[in-house]
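Listed below are the residues making up each chain.
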Amino acid sequence: MACHSIPDLKPEWLGASGKTAEKMNLLTLQHKMKIDPEGYETELALLYKHFDSLLFLFQQQSALSFSSINGDPTVSKDLGDMAMFLAHVTPYYPTQLSDYPCKLADLLRSSAKSLPSSLRCHLTKALILLINRNFVDIGETLGLFMELQTLGDRTLRKDAFSHVIHSIRRMNQKHKNETQNRPLQNILFTMLQEEDEAKAKRALIVLCDLHRRRVWFDERTANAICTACFHPSSKIMNAALSFLLGFEKIEEADDSDVDSSEDEKNPQVVLQREDVYKAHHKGTLASKKKKQAKLQRAIRSMKRQQRANSEKDTPNYYSPLNHLIDAQGFAEKLFSRLQTCNERFEVKMMILKVIARTVGLHRLILLNFYPFLQKYVQPHQRDITELLASAVQACHDMVPPDAVEPLFRQVVNQFVHDKSRTEAIAVGLNVVREICLRIPLLMTEDLLQDLVLYRKSHEKAISTAARSLITLFREVCPSLLVKKDRGRPTNPKARPKAFGEVNIASNVSGLELLQNDDGEDEENDGGDSDSSMFDNDEEEATEITDNAHAQLSDEDETEESDAGLDGDNESGQSEEEESDSEDGDGDEDEEQEYNKRKRKLSDYAGELNADTSLRALKRIAESTREFESSVLADGILSNEDFKRIKELKAKEGAKLALGQHGLLRKGPEAKSPAFKVPSSEELSLKRVNPSVLEINIRRKMTKEERLELVKAGREDRGKYQARAAIKQKKTGGTSNKQKEHKKNMPMVAKRAKIVRSRQERKRLNRIAGKQFRGKKAWK
């Protein structure tokens, strides 16, 4: 056997024991043990005994006096280095060090609080290393690592927290390991319910982080986080409320940052060529910029509409409040705490927002909540827009209108009057619109006509809010508006649903779009140049078989003879009337002939031969498909039908966005409604953004913002100097006479100047040489 060094009691250097004089440190010995584990078993046994002796010495010193450890840090440093050394070599000696992981965990459980900070960190890292190498199960040490986070050591808390998160993520990386997740969740749920604020806080942080990372993305975790809102500690309650509201924040990214490839994702979104051409080739540079900006706004609006439609099927609208098992009980219990709590105003606002979001999301009935909000509805109230947004969020069609009417009247009376500020009137009108969007029965005819008069205001925010109210009621209930404000509503007899009235769907959503689909997209793809080709193909398709052609010609002859007889029987008419009637009858006969031909195409579609062109086949297939879809009685739709319905819905959304920006001015699409009333389910999903209530309001800039704006305009200018200083620095230059010679004057001005100079010279020559012959001054 080769001669190896035997360690003495020094941690950094291990001397030889009679066999060699070589010395080596722990890192070198660790490297050699990994290369040749069998050759260093004796050294491992001696080092393990050395660890036990260091541990016994440390425990004796801690029992005598804790201050001696702090005074002599050598023992703790030796023990920490030896613990890390054994943790690294444990995979190579699993039998000899089988009890080492348990011994290390027991040491941390029993005396973690009394250990020095450096030693505690070394022992924790050693245990983490053993867990990562599957020598210890995370379920056995999860409680230990949660307690280590409460000791106040920042480095230790960070290491323990990251270890817990990464271990659970690694455990659920390939699939959800429910058999191991349940015990770990039970440990954290129990800690979350404890009265110890430190433990409950760390458990809540771990649960929130795992839920945010979608590792524990289930109902049990979501309900556990929601129940933390009722913890006796206000800090735990605030943390839970902040997490719930953080999930509700809307990340409105700038549409200019969106990749241009999104324009090609939906082929149904097509702008009119005329508008695009005008925006780039017609008009002045300023008008082109305005047209291009208008097109960009329309494109951004279409993208937002597409994202809104796609977010219904994606978890972007997810919130832990969606998974509440007892949503009504949660809202009532939280509202009772709001009424009795003595927290600061920010905490009350957080509780109020969570209650409003829960009521709106689950469409709950909490009648006492609206009178509670009513006493805070004042223009001078702190964070009034957020409070009004919460009030709007809590309104839905299941709430009786009588319960919300006092709050609605309070908003109108306090915000919308002539003596109120511009910002208050605009916010009040926007809040009225949002509430009426959810409960339109609150609006009366007299009140609406008074509010509509604000459209004549010179303030943009007020006039825009009033016009949006008119646009809403043109779709919801046009009868409440006066005749000149109704415009041309799509449904003049529209009315809001009565309280408790429910519309039961009898067919698939969007089926009417599929029934009314006439293949416009395919025709538009061909362009105008293919219209003649399609006409020729129709003529070719009418002659697909000899038999069909013969029958069609016979029918044409009979129709012509009938038309001639009708023309002969018309007596007593003038020649002009006869000619007009003959022309009209001819047009009617041609239309009947065309309809009969179309009808015959489907009858003789089965008699096609090999000489038929592809375009004729396509036309016949489309006609038969439309006929079959119109008489479809079983109501069974295929996957292609559902795909087509989705495309048609996207196209309708694009038309709606284009109509809102005035880009659909021709054709039947221009009559599409400029506003679509969302359903109650769609309104309950989206959070009401307080900034929407303040749209178009010009906020007064602070002094710092004004200075920044002034400095931004001076970037291209030089340093300011007085005119006197500039004149003093001037060394030379041209005179005014020299500058006049450089000016490019018009020809007329030049000729006039020459004439004036010539006349001036003649005058001077006349008086030159003449003496003054006046009265003498003396006699």
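Please refer to the structure placed before this passage.
Residues numbered from 1 in each chain as written. Predicted model: local features only at pLDDT ≥ 70, side-chain atom pairs only at ≥ 80, totals over all residues. Heavy atoms only, no water.

Engineer: Go over the overall build of the protein chain with me, naming the residues and quoting the values.
Structural biologist: Scanning the protein chain from terminus to terminus reveals 36 helices and zero strands. Burial analysis of the protein chain (779 residues in total) assigns 36% to the buried set. Across the protein chain, every contact between residues at least 6 apart in sequence was considered, and the portion connecting residues at least 24 apart equals 68%. Total accessible area computed for the protein chain in this model is approximately 48,700 Å², and 50% of it derives from carbon and sulfur atoms. (Helix = DSSP H or I, 4+ residues; strand = E, 2+ residues; numbered from the N terminus. Buried < 20%, exposed > 50% of the residue type's maximum accessible area, 1.4 Å probe, protein only. Contact = heavy atoms within 4.5 Å. Areas by Shrake-Rupley, 256 points an atom, 1.4 Å probe, with all protein chains shown as cover.)

Engineer: Explain unusual backbone geometry to me, using residue names and the numbers behind them.
Structural biologist: Here Arg214, not a glycine, exhibits a phi torsion of approximately 60 degrees, which is positive. Among the secondary structure elements, Arg214 is positioned in the loop between helix H10 (197–212) and helix H11 (219–227). Here Arg214 falls in the partly exposed class, since its relative accessible area comes to 37%. Positive phi is not limited to glycine here, since Asp383 has a value of about 55 degrees.

Engineer: Outline the pattern of salt bridges, supporting the account with residue identities and numerical values.
Structural biologist: Evaluation of the coordinates by the stated rule reveals 18 salt bridges. As a salt-bridge pair, Arg363 and Glu681 come within 3.6 Å of each other at their nearest N and O atoms. Of this pair, Arg363 sits in the loop between helix H16 (345–362) and helix H17 (369–374) while Glu681 is found in helix H31 (residues 680–685), placing the two residues 318 residues apart along the sequence. The salt bridge involving Arg455 is made with Asp485; its shortest N-O contact spans 3.6 Å. Taken together, the residues span a long stretch of sequence, with Arg455 in the loop between helix H21 (445–452) and helix H22 (460–476) and Asp485 in helix H23 (residues 483–486) at a distance of 30 residues. Take Arg455 and Asp485: they sit in the same class, and that class is buried. Three or more residues joined by partner-sharing salt bridges are found here, namely Asp209, Arg212 and Arg213. (Salt bridge = Lys/Arg side-chain N within 4 Å of Asp/Glu carboxyl O.)

Engineer: A description of the state of the cysteines should follow, citing residues and the corresponding values.
Structural biologist: On inspection of all chains with the given rule, the structure shows zero disulfides. Here Cys226 stays free of any disulfide, with the sulfur of Cys229 as its closest cysteine sulfur at 6.1 Å. Here Cys395 stays unpaired: no disulfide links it, and the sulfur of Cys436, its closest cysteine neighbor, is 9.7 Å away. (Disulfide = S-S within 2.5 Å.)

Engineer: Quick rundown of empty space enclosed by the protein? Include the residues and the values.
Structural biologist: Here the structure, examined in full by the defined rule, presents two cavities of 30 Å³ or more. Within this model, the largest cavity holds a volume of roughly 60 Å³. If you trace the largest cavity, you find it lined by Leu338, Phe345, Lys348, Met349, Leu352, Phe372 and Tyr376. (1 Å grid on protein atoms, 1.4 Å probe; cavity = no way out; pocket = protein on both sides within 12 Å on 5 of 7 lines; lining within 4 Å. Points joined across faces, edges and corners; volume = space filled by probe spheres on them.)

Engineer: Can you explain the environment of Leu210? Please cite residues and give values.
Structural biologist: You can see Leu210 is positioned in helix H10. Classification of Leu210 by relative accessible area gives buried; the value is 0%. Considered as a pair, Leu210 and Ile165 are 45 residues apart in the sequence and their alpha carbons are 7.0 Å apart. Not counting chain neighbours up to four residues away, the residues in contact with Leu210 comprise Ile165, Ile168, Val215 and Trp216.

Engineer: Describe helix H8 (residues 154–171), and please don't skip the residues or the numbers.
Structural biologist: The terminal C-alpha atoms of H8 lie 26 Å apart, and with 18 residues this matches the ideal 26 Å at 1.5 Å per residue to within 8%. Looking at H8, one finds that the buried residues are Leu156, Ala160, Phe161, His163, Val164, Ile165, Ser167, Ile168 and Met171. Next to the buried residues of H8 lie helix H6 (117–132), helix H7 (138–148), helix H9 (178–192) and H10. At the N-terminal end of H8, a side-chain oxygen is found 3.4 Å from the backbone nitrogen of Thr155, two or three residues along, and the residue is Asp153. (Expected span 1.5 Å × (residues − 1). Polar contact = N/O pair within 3.5 Å; in protein donor to acceptor, adjacent residues only side chain to side chain.)

Engineer: Quick one: what's the story with the packing of aromatic side chains, residue by residue and with numbers?
Structural biologist: In this structure the tally under the stated criterion is eight aromatic pairs. The interplanar angle of 80 degrees and the centroid separation of 6.4 Å between the aromatic rings of Tyr48 and Tyr100 together place this pair among those described as edge-to-face. Pair noted here: Tyr48 is in helix H2 (residues 41–64) and Tyr100 is in helix H5 (residues 100–111), with a separation of 52 residues, a long-range link. What makes Tyr48 buried here is its relative accessible area of 11%. (Phe/Tyr/Trp six-rings, centres within 6.5 Å; stacked < 30°, edge-to-face > 60°.)

Engineer: Can you tell me about the packing of H7 against H8, naming the residues and giving the values?
Structural biologist: The geometry of H7 relative to H8 is characterised by a closest axis approach of 9 Å and an angle of 150 degrees between their N-to-C directions. Our classification of the angle between H7 and H8 gives roughly antiparallel. With respect to the hand of their crossing, H7 and H8 are arranged in left-handed fashion. Of the residues in H8, those touching H7 at Ile138, Leu142, Phe145 and Leu148 are Leu156, Ala160, His163, Val164 and Ser167. For the contact of H7 with H8, the per-class residue count stands at seven nonpolar, two polar and no charged. (Axes fitted to C-alpha atoms, helices over the stretch in contact; angles between N-to-C directions. Parallel < 35°, antiparallel > 145°, perpendicular 65-115°, else oblique. Left-handed = near helix turned anticlockwise from the far one by under 90°. Nonpolar A, V, L, I, M, F, W, Y, C, P; charged D, E, K, R; others polar.)

Engineer: Break down the nonpolar core for me, citing the residues and quoting the values.
Structural biologist: Within the largest apolar cluster, 154 residues are counted, with the highest numbers of intra-cluster contacts made by Leu86, Tyr100, Met443 and Phe473. The element that contributes the greatest number of residues to this core is H16, accounting for eleven residues. Setting aside residues up to four positions removed in sequence, Met443 forms contacts with Phe408, Val432, Cys436, Leu448, Leu451, Phe473 and Leu480. (Core = buried A, V, L, I, M, F, W, Y, C linked by side-chain atoms within 4.5 Å.)

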